[in-house]
Amino acid sequence: MDRESQLYRIALTFLPTVGDILLKNLVSYCGGVREVFNASFTKLKKAPGIGERRAKEILHNDVLKRAEEELAFVERNDISTLFYLDADYPKRLSNCYDNPILLYYKGNADLNAQKVLSIVGTRTATEYGKAVSEQIVEALAEKQVLIVSGMAYGIDIYAHRAALKVGLPTVGVFGHGLDIVYPAQHRSTAEKMLSNGGLLTDFPSKSKFEKGNFPRRNRIVAGLADATIVVETKVKGGSMITAEIANSYDRDVFAVPGNINASNSQGCNYLIKTNRAYLLDEVEELLEILGWKENTLSPPVQKQLFLDLNEDETKVVELLKEKPLAIDELSFRLLMPASLIAANLLNLELKGVIRSLPGKVYELA
């Protein structure tokens, strides 16, 4: 990609009062990134969600100058910019409706790794929380899982350090630009992560450090992964937001149960009690739910197809021969209600013909 194109992409993110969802719609409406800046006032004001006020802001805002400063910072510090239309943009994140239009990334981990887990929790972790975080990561060591978290005090940093200890790649997501490390005490860990993992954010350098940045960061933590594990959290903790976002993305959520009298466990217990998360007390079960457990008894697909399948089940199987599909797509392509599709999928799974994958996607067993 040429430098000018990169400059325009960065400039998009500095447009005031235009968020990620609206920006993506605007790029599509105008036919490209540069076309946004070259569009006439008449065209811009007719764009969905823009109107006259935003059209004037886009035309008269000197964002290219600020973008030039940011691009110089990116080039100086060997930072990659990942645009939402790029092939190397995280695919799991691209499936999220509010995914960032642009990411800043420094590191060597594959953000599209085959297996990705986010581990989050309270900043005031107990020894129990710390030990459980380490046990989970250690149990995943042979599975070559990418561990994602938010670089915060407590569970986050324990998860990152445990991953480094066992040689798993780990990516930290910041709620600020890559010009600083917060908390500063985690700088040495952040530097180690650049050798086996990386640092990621959708904030440019010199960003104002605010509390409201963290929910924005949490959507990336949730969206990057196949599933999110909550180790310890209060009922109103930031990790509860991450779990809620992960659920909204239709990703699996796991929570570690804890003492009913401990405030740090109330959030996890609540997630389990309200069916917002699987109870996680052993990693083997997590691997099984995510489809990551090696199945030495997997029979050939053709042998399974000799089972007695009804007409609807046969239609589902024929479609899944092409590729793994989600319920919504199966429903659309087969012109069947989602409830009927779900019933057929359950029957097929019980018969051993199909298996579920992360994100409620199904494939032939």
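Bear in mind that the values here come from a model prediction, so they are computed numbers and not experimental data. (Residues numbered from 1 in each chain as written. Predicted model: local features only at pLDDT ≥ 70, side-chain atom pairs only at ≥ 80, totals over all residues. Heavy atoms only, no water.)

## Points about the overall build of the protein
Okay, so step 1: Looking only at helices and strands, one finds 18 helices and 12 strands in the protein.
Okay, so step 2: Taken over the C-alpha trace, the protein has a radius of gyration of 22 Å; the compact-globule value for 365 residues is 21 Å, and the two agree within 12%.
Okay, so step 3: Judged by the C-alpha coordinates and their principal axes, the protein covers about 65 × 50 × 35 Å.
Okay, so step 4: When burial is assessed residue by residue, the protein has 49% of its 365 residues classed as buried.
Okay, so step 5: For the protein, the exposed surface amounts to about 17,500 Å²; the carbon and sulfur share of it is 51%.
Okay, so step 6: The centroid of the 44 positive side-chain charges in the protein is displaced by 6 Å from the centroid of its 46 negative side-chain charges. (Helix = DSSP H or I, 4+ residues; strand = E, 2+ residues; numbered from the N terminus. Rg over C-alpha atoms; globule rule 2.2 N^0.38 Å. Buried < 20%, exposed > 50% of the residue type's maximum accessible area, 1.4 Å probe, protein only. Areas by Shrake-Rupley, 256 points an atom, 1.4 Å probe, with all protein chains shown as cover. Lys, Arg positive; Asp, Glu negative; His and termini not counted. Charge placed at Lys NZ, Arg CZ, Asp CG, Glu CD.)

## Details of the packing of helix H11 (residues 213-223) against helix H12 (residues 238-248)
Okay, so step 1: Between H11 and H12, whose axes approach to 9 Å, the crossing angle comes to 50°. What the angle tells us is that H11 and H12 run oblique. When the axes of H11 and H12 are compared, the crossing they make is right-handed. Here H11 contributes Pro 215, Asn 218, Arg 219, Val 221 and Ala 222 to the contact with H12, which in turn contributes Gly 238, Ile 241, Thr 242, Ile 245 and Ala 246.
Okay, so step 2: Among the residues making up the contact of H11 with H12, the classes are represented as 6 nonpolar, 3 polar and 1 charged. (Axes fitted to C-alpha atoms, helices over the stretch in contact; angles between N-to-C directions. Parallel < 35°, antiparallel > 145°, perpendicular 65-115°, else oblique. Left-handed = near helix turned anticlockwise from the far one by under 90°. Contact = heavy atoms within 4.5 Å. Nonpolar A, V, L, I, M, F, W, Y, C, P; charged D, E, K, R; others polar.)

## Some remarks on the environment of Asp 20
Okay, so step 1: On the secondary structure map, Asp 20 appears in helix H2 (residues 20-30).
Okay, so step 2: Along the chain, Asp 20 and Leu 346 lie 326 residues apart, while their C-alpha atoms are 37 Å from each other.
Okay, so step 3: Side chain to side chain, Asp 20 and Arg 219 meet in a polar contact 2.9 Å long. (Polar contact = N/O pair within 3.5 Å; in protein donor to acceptor, adjacent residues only side chain to side chain.)

## Quick word on the packing of helix H8 (residues 127-139) against helix H9 (residues 155-166)
Okay, so step 1: For the pair H8 and H9, the least separation of the axes is 9 Å and the interaxial angle reads 35°. You can see that H8 and H9 cross each other, and the crossing is right-handed. From H8, Gly 129, Lys 130, Ser 133, Glu 134, Val 137 and Glu 138 reach across to H9, where they touch Ile 155, Tyr 158, Ala 159, Ala 162, Ala 163, Lys 165 and Val 166.
Okay, so step 2: Classifying every residue of the contact of H8 with H9 by side-chain character gives 7 nonpolar, 2 polar and 4 charged.

## A look at the environment of Leu 200
Okay, so step 1: Position of Leu 200 relative to the elements: it lies in strand S6 (residues 197-201).
Okay, so step 2: Taking the C-alpha atoms as reference points, Leu 200 and Val 230, separated by 30 residues in sequence, lie 20 Å from one another.

## A look at the nonpolar core
Okay, so step 1: In terms of nonpolar packing, the biggest core is built from 74 residues, with Leu 12 and Leu 200 touching the most fellow members.
Okay, so step 2: Excluding its chain neighbours within four sequence positions, the residues that come into contact with Leu 200 are Leu 103, Tyr 104, Tyr 105, Leu 111, Val 171, Gly 172, Val 173, Phe 174, Leu 178, Ile 220 and Leu 224.
Okay, so step 3: Among the nonpolar cores identified, the runner-up in size contains 24 residues, and Leu 140, Ile 229, Leu 286 and Leu 290 belong to it. (Core = buried A, V, L, I, M, F, W, Y, C linked by side-chain atoms within 4.5 Å.)

## Thoughts on the confidence of the model for the protein
Detailed reading of the predicted model is not advised wherever pLDDT is low.
Okay, so step 1: Summary statistics for the protein give a mean pLDDT of 91 and a share of 96% for residues scoring 70 or more.
Okay, so step 2: Overall, residues 296-306 carries pLDDT values under 50, and its contacts beyond four positions in sequence, including any with other chains, amount to 10 contacts. (pLDDT = per-residue confidence, 0-100.)

## Overview of unusual backbone geometry
Okay, so step 1: In this chain, Tyr 182 is followed by Pro 183 through a cis amide linkage whose omega measures 0°.
Okay, so step 2: Tracing the backbone through its elements, the reader meets Pro 183 in the loop between strand S5 (170-173) and helix H10 (187-193).
Okay, so step 3: A positive phi is found at Thr 17, a non-glycine position, where the angle reads about 60°.
Okay, so step 4: When you line up the elements, Thr 17 lands in the loop between helix H1 (3-12) and H2.
Okay, so step 5: Phi at Leu 335 takes a positive value of approximately 55°, unusual for a residue other than glycine.
Okay, so step 6: Assignment of secondary structure puts Leu 335 in the loop between helix H17 (327-334) and helix H18 (338-350).
Okay, so step 7: Under the relative-accessibility criterion, Leu 335 is labelled exposed at 77%.

## So, a nonpolar patch on the surface
Okay, so step 1: Together, Tyr 153, Ile 180, Tyr 182 and Phe 209 make up a nonpolar patch on the protein surface, roughly 350 Å² of accessible area in all.
Okay, so step 2: Considering the arrangement of structural elements, one finds Ile 180 in the loop between S5 and H10. (Patch = residues over 30% accessible without salt bridge, like charges linked within 9 Å, V, L, I, M, F, W, Y side chains within 5 Å. Salt bridge = Lys/Arg side-chain N within 4 Å of Asp/Glu carboxyl O.)

## Notes on the side chain of Ser 149
Okay, so step 1: Looking at the secondary structure, you find Ser 149 in strand S4 (residues 146-149).
Okay, so step 2: Not counting chain neighbours up to four residues away, the residues in contact with Ser 149 comprise Ile 119, Val 120, Asp 156, His 160, Val 171, Gly 172, Val 173 and Val 221.

## Side note on the pattern of salt bridges
Okay, so step 1: One pass over the full model with this rule turns up 22 salt bridges.
Okay, so step 2: A salt bridge links Asp 2 to Arg 34; the nearest nitrogen and oxygen atoms lie 3.3 Å apart. Linking Asp 2 in the segment before H1 with Arg 34 in helix H3 (residues 33-38), this pair joins segments that are 32 residues apart in sequence.
Okay, so step 3: Judged by its relative accessible area of 39%, Asp 2 falls in the partly exposed class.
Okay, so step 4: Residue class for Arg 34 comes out partly exposed when judged on its relative accessible area of 29%.
Okay, so step 5: The partner of Glu 68 in a salt bridge is Arg 3, with the nearest N and O atoms 2.8 Å apart. In this pair, Glu 68 is assigned in helix H6 (residues 63-76) and Arg 3 in helix H1, connecting sequence segments 65 residues apart.

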